[in-house]
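Structure at a glance
Here's the letter readout for the chains.
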Amino acid sequence: MSRVKIKSALGQEPGKEITVKGWVRAFRSNRFIALNDGSTINNIQVVINADQLEESVLKNISIGAALAITGDLVASQGKGQYVEVIAKSIIVLGTADPEEVQKTILQPKRHSLELLREQAHLRFRTNLFGAIFRIRHAMTYAIHNYFNEKGFYNLHTPIITGSDAEGAGEMFRVTNLPLENIPLTEEGKIDVEQDFFGKETNLTVSGQLEAELGAMALGQVYTFGPTFRAENSNTSRHLAEFWMIEPEVAFADLKDDMELSEDFMKYVIQYALDNCKDDLAFLLQRETNEDKQKPQAERNELNLIERLEFVVSNSFERITYTEAIEILQRSKPYKKKKFKFPVEWGVDLASEHERFLVEKHFKKPVIIFDYPKEIKAFYMRNNDDGKTVAAMDVLFPGIGEIIGGSQREERLNVLKEKIADFNIEEEHVWWYLDTRKFGTAPHAGFGLGFERLIMFVTGMSNIKDVIPFPRTPKNAEF
RNA sequence: GCUUCUUUAGCUCAGCUGGUUAGAGCACCUGACUGUUAAUCAGGGGGUCCAAGGUUCAAGUCCUUGAAGAAGCGCCA
């Protein structure tokens, strides 16, 4: 008999014989097995008659074991569930020694997120991480769906890149030179000509420059792939390896870019609300329980579902960088000298300033645009005021910067000046400049940190808990 | 990279101004249990007190250095 997934079995009317396969989550009273197969957060209850089972089988029904069970789906006599399976046959596919299980996070009790991270290979078996990674999948699907519906093409930009011009951060060097005997030139520098690619190569920090090349022919493209930063960042919002979504649109300006980012975010969050109800309900309950332990001031004003619905149903606030500075300078914390970092035109906004604007002042997602050109990247389009560039950041409550984007500088002469100002050699970006030589046109795009989106949707507060195997400084286990 | 905090049983933690054999709850093991769902009841086992060095008659406890983890900051997505 072929296997029925538990998600499907739980939705069926009682009356027929089925086979389910999964892992034991609980075994109570020598009679009730809670079985989970990952198809849903919900377990199916299997009722057994211990007298009719062989001793060896009964002995091996323990938490963590994998079972195949055939039996009749019936209406449950107990309270917690609508249907249950009365087992006729039980096959133990894989045992799990309780003494060993006890040393792992499979033991049935509450575990700290830190311990779960140390056993990331097993944390999928928990309700929490099952929910998170089902939602992560749903969001991946929603993103491809959104762009496909809007006529974007998914573009696979290289992971190993010879481009070092983006300036988005420290990069991981890619080489197959012998590390114990690195060939040097006469000047004593690394002889990159002997390396695999004959030049210096790194893991990509962004697919944007390549995405622009695609957009300038295909019209609308997006990337969705792994991205690497060798920054020694020790925070709950940074990873050395993360996934980024980067749409790039020809014939679009900054306003179009902001509209795209808002429409996109609302679509994918609505998708989660519509398609991840069980998992979100679990995460909501978890957050509510956690909040009860906290002092009033640290509790969430809106609960998880309310926050998601709030984003979907309210427009994002849009202010210029200049307006943001003015608001901050008129604010109470500024006047009481509560800010650690200076607030004046020309300086980059610190986390404390962004949090004030998003969480205290506007209490909704905020898009800040038209930043001073000195604090932004070379490819961003100069505004006519001579001081700012057409850049925008989307800030989310509890997360901070979730999207960074801009209209790109499409004027060849201006771009060449900017490249010179940033001390980038033209020969390194000759291919990028070519798009400005042959049929240049206004275009814009943004980068979204996928894990930061998942943090917002799940309510998790550490980015290491929304990616299966986090890569961070001093940690590349699994 | 910086600041603060943490590291004691499988897990979460307690362990006072240094003092005899280091404790609790949960988990685990053994037994009981045919309507449980954080199952329950009785009994039992379980420790390199993160590492190295130091102070002291005596260190889980004090000092120094290091490692790992967390929160916050910087860099960003």
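Above this text is the structure in question.
Residues numbered from 1 in each chain as written. Chains lettered and ligands numbered in written order. Predicted model: local features only at pLDDT ≥ 70, side-chain atom pairs only at ≥ 80, totals over all residues. Heavy atoms only, no water.

Counting its regular elements, chain A contains 15 helices and 16 strands. Reported as C-alpha extents along the three principal axes, the dimensions of chain A are approximately 85 × 60 × 45 Å. Expressed as a percentage of the 478 residues in chain A, the buried residues total 48%. Put simply, 67% of the contacts in chain A that link residues at least 6 apart link residues at least 24 apart. Of the roughly 24,400 Å² of accessible surface on chain A, 49% is carried by carbon and sulfur atoms. Positive and negative charge centroids in chain A, built from 59 and 71 side chains respectively, lie 8 Å apart. (Helix = DSSP H or I, 4+ residues; strand = E, 2+ residues; numbered from the N terminus. Buried < 20%, exposed > 50% of the residue type's maximum accessible area, 1.4 Å probe, protein only. Contact = heavy atoms within 4.5 Å. Areas by Shrake-Rupley, 256 points an atom, 1.4 Å probe, with all protein chains shown as cover. Lys, Arg positive; Asp, Glu negative; His and termini not counted. Charge placed at Lys NZ, Arg CZ, Asp CG, Glu CD.)

Around RNA strand B lies a shell of 53 residues, among which Asp-51, Asn-232, Thr-235, His-238 and Arg-452 are the nearest. Counting only the atoms of RNA strand B that lie within 4 Å of the protein, the sugar and phosphate share comes to 51%. Residue Lys-109 places a side-chain N or O atom 3.0 Å away from a base oxygen belonging to RNA strand B. Within the contact set of RNA strand B, a sugar or linking oxygen lies 3.0 Å away from a backbone nitrogen or oxygen of Glu-401. Counting residues per element, the ones that place at least two in the surface near RNA strand B are helix 3 (98-101), helix 4 (113-118), strand 11 (241-250), strand 15 (400-407) and strand 16 (443-449). The element contributing the most residues to the surface near RNA strand B is strand 15, with 4 residues. In terms of residue class, the surface near RNA strand B is made up of 11 nonpolar, 23 polar and 19 charged. (Near = heavy atom within 4 Å. Polar contact = N/O pair within 3.5 Å; in protein donor to acceptor, adjacent residues only side chain to side chain. Nonpolar A, V, L, I, M, F, W, Y, C, P; charged D, E, K, R; others polar.)

Bringing the sheet that holds strand 14 (residues 388-396) into the picture now. The sheet built from 8 strands is open, its strands ordered 6-10-11-16-15-14-13-12 with mixed pairing. If you trace the sheet from one side to the other, it starts and ends with strand 6 (153-154) and strand 12 (317-320), each paired once. Summarising the sheet, strand 14 and strand 15 pair through 6 bridges and their orientation is antiparallel. In the sheet register, Val-394 faces strand 15, and the bridge partner there is Ile-403. Seen against the sheet, helix 7 (residues 254-275) touches strand 11, strand 12, strand 13 (366-372), strand 14, strand 15 and strand 16 and runs at an angle of roughly 15° to strand 14. (Pairing = 2+ DSSP bridges. Axes fitted to C-alpha atoms, helices over the stretch in contact; angles between N-to-C directions.)

Quick look at unusual backbone geometry now. Across residues other than glycine, the phi torsion is negative in most instances, and most of the peptide bonds are trans. In this model, Phe-251 sits at a positive phi of 60°, which is unusual for a non-glycine residue. One non-glycine residue, Asp-370, lies in the positive phi region at around 60°. Secondary-structure assignment places Asp-370 in strand 13.

Time to look at the packing of helix 9 (residues 304-313) against helix 15 (residues 450-458). Two elements in contact, helix 9 and helix 15, have axes separated by 8 Å at closest approach and are oriented at 120°. In terms of orientation, helix 9 and helix 15 fall into the oblique class. Between helix 9 and helix 15, the contacting residues are Leu-304, Arg-307, Leu-308 and Val-311 on the first element and Phe-456, Val-457 and Thr-458 on the second. Among the residues forming the contact of helix 9 with helix 15, the class breakdown is 5 nonpolar, 1 polar and 1 charged. (Parallel < 35°, antiparallel > 145°, perpendicular 65-115°, else oblique.)

Before going further, it helps to spend a moment on the pattern of salt bridges. Taken as a whole, this structure holds 23 salt bridges when the rule is applied. In this structure, the salt-bridge partner of Glu-259 is Lys-255, at a minimum N-O distance of 3.0 Å. With Glu-259 and Lys-255 both in helix 7 and 4 residues apart, the pair spans about one turn of that helix. For Glu-259, a relative accessible area of 35% translates into the label partly exposed. By sharing partners, the salt bridges in this structure join Glu-212, Glu-248, Arg-408 and Arg-436 into a single network. (Salt bridge = Lys/Arg side-chain N within 4 Å of Asp/Glu carboxyl O.)

Time to look at helix 6 (residues 208-218). Among all positions in helix 6, only Gln-208, Leu-209, Glu-210, Ala-211, Glu-212, Gly-214 and Ala-215 are buried. Against strand 7 (160-161), strand 10 (220-228), strand 11, helix 14 (430-437) and strand 16 lie the buried residues of helix 6. The first or second residue beyond helix 6 is Gly-219, which carries a positive phi of 90°.

Another aspect to go through is the pairing of strand 5 (residues 83-94). Taken together, the 3 bridges between strand 3 (residues 44-47) and strand 5 define a ladder with parallel strand orientation. Opposite Gln-45, over in strand 5, you have Glu-84 as the bridge partner. Pairing of strand 4 (residues 66-75) with strand 5 involves 10 bridges; the strand directions are antiparallel. Within strand 5, the residue paired with Val-74 across the bridge is Glu-84.

Attention shifts here to the pairing of strand 4. A large share of strand 4 lies buried, amounting to 7 of its 10 residues. Bridge analysis of strand 1 (residues 17-28) against strand 4 gives 7 bridges, and the strand direction is antiparallel. Bridged to Glu-17 within strand 4 is Asp-72.

Now for the side chain of Lys-266. Mapped onto the secondary structure, Lys-266 falls in helix 7. One polar contact links Lys-266 to Glu-262, side chain to side chain, over a distance of 2.8 Å.

Function-wise, these values are silent; they only describe arrangement.
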